[in-house]
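Observations on chain architecture
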Amino acid sequence: MSAKTAAPPTAAAPHAPSPSRTPAWLREPLLHFLLIGALLFGVDHALNGRRDTGHEILVGADVDEEATQVFKATRGREPNAEELQALRKVWLDNEVLYREGLALQLDKGDSAIRERVIFKALSVVDSGLKLPPHDDRLLQTWFEQHRAKYDDPARFDFQEAQLASDNGEAAVRAFVDALNAGTPGDAKAGLRVFKARPHGNLVQSYGEDFAKALEAAPPGQWQALRSRDGWRAVRLDAASPARPGSYEALRGVVLQDWTDATMAEQRSAAVAALARKYDIKVEAKAP
């Protein structure tokens, strides 16, 4: 294969989302029953009937087991300790709302439908929330605190030629030399083309060192770059610098984001206050 006769490109996601330390759905306060509560924790009524009643809530091993199974089925791996703790919090918030709903007799007419009771209890909580006063000064301060969400990161167009078998340094460097010389390379190599790949996504996929090396690479020339999974033959086609977001241009978006975050924090605090009425016990896993 040569730089001009590479195998047909394999489509790659042009706008993969920028990574964060923790997935977004876990960073949100756990009063997002509407989003994942019913889906993840549609626990059988009989199972819930086995739990302690009154003012004691037992977070049993079955909660962790169900959370792990659903997480693994949807994400292809088991949750880490932080993710499992967040999933427990989802279940616990829903359990608190469910019990509060029963106490308010919100189960009348649909006592067998747990999620409806939780939804009704959450609606009661929402009715007591009030958005605090805000102005441009407050919103712009919030915007600056969350600027990473609004800035457009540096983006890169590049190609990656993949050897069929050997991704060791010597093999990849020889392959790169052949590509730059215009001579045929490995006929079994494949070519992947990436457009507007954000810097953060490069770090997530390939590692920090790879991202820095690609950023410094001269456009139009094949390079042997080391990633966390081995050496890669890469050619930078174009790069666009990071561009800071403008508060003035994004004010409407910022207002909505601030409103959502503020109300979610209030909901979370309200449910946490309700949870203090209960004696929460976490069942230890069997050795």
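Details of the structure are given in the entry above.
Throughout what follows, the structure given in this document is the object of discussion. (Residues numbered from 1 in each chain as written. Predicted model: local features only at pLDDT ≥ 70, side-chain atom pairs only at ≥ 80, totals over all residues. Heavy atoms only, no water.)

Overview of the pattern of salt bridges
In total, this model carries 18 salt bridges according to the counting rule given. Note that Glu 100 and Lys 277 form a salt bridge whose closest N and O atoms lie 3.0 Å from each other. Taken together, the residues span a long stretch of sequence, with Glu 100 in helix 5 (residues 81–103) and Lys 277 in the loop between helix 12 (247–275) and strand 7 (279–282) at a distance of 177 residues. The residue Lys 149 makes a salt bridge to Asp 257 at a minimum N-O spacing of 3.2 Å. You can see Lys 149 sitting in helix 8 (residues 147–150) and its partner Asp 257 sitting in helix 12, a full 108 residues away along the chain. On the accessibility criterion, Asp 257 (17% relative accessible area) is buried. (Salt bridge = Lys/Arg side-chain N within 4 Å of Asp/Glu carboxyl O. Helix = DSSP H or I, 4+ residues; strand = E, 2+ residues; numbered from the N terminus. Buried < 20%, exposed > 50% of the residue type's maximum accessible area, 1.4 Å probe, protein only.)

Looking at the nonpolar core
Among the nonpolar cores identified, the biggest contains 16 residues, and Ile 57, Val 59, Trp 91, Leu 92, Val 96 and Leu 97 are the most heavily contacted of them. Elements with a contribution of two residues or more to this core: strand 2 (56–59), helix 5, helix 6 (114–127) and helix 12. Core analysis: the next-biggest nonpolar cluster, separate from the first, contains 12 residues, Ala 154, Leu 202, Leu 214 and Val 234 among them. (Core = buried A, V, L, I, M, F, W, Y, C linked by side-chain atoms within 4.5 Å.)

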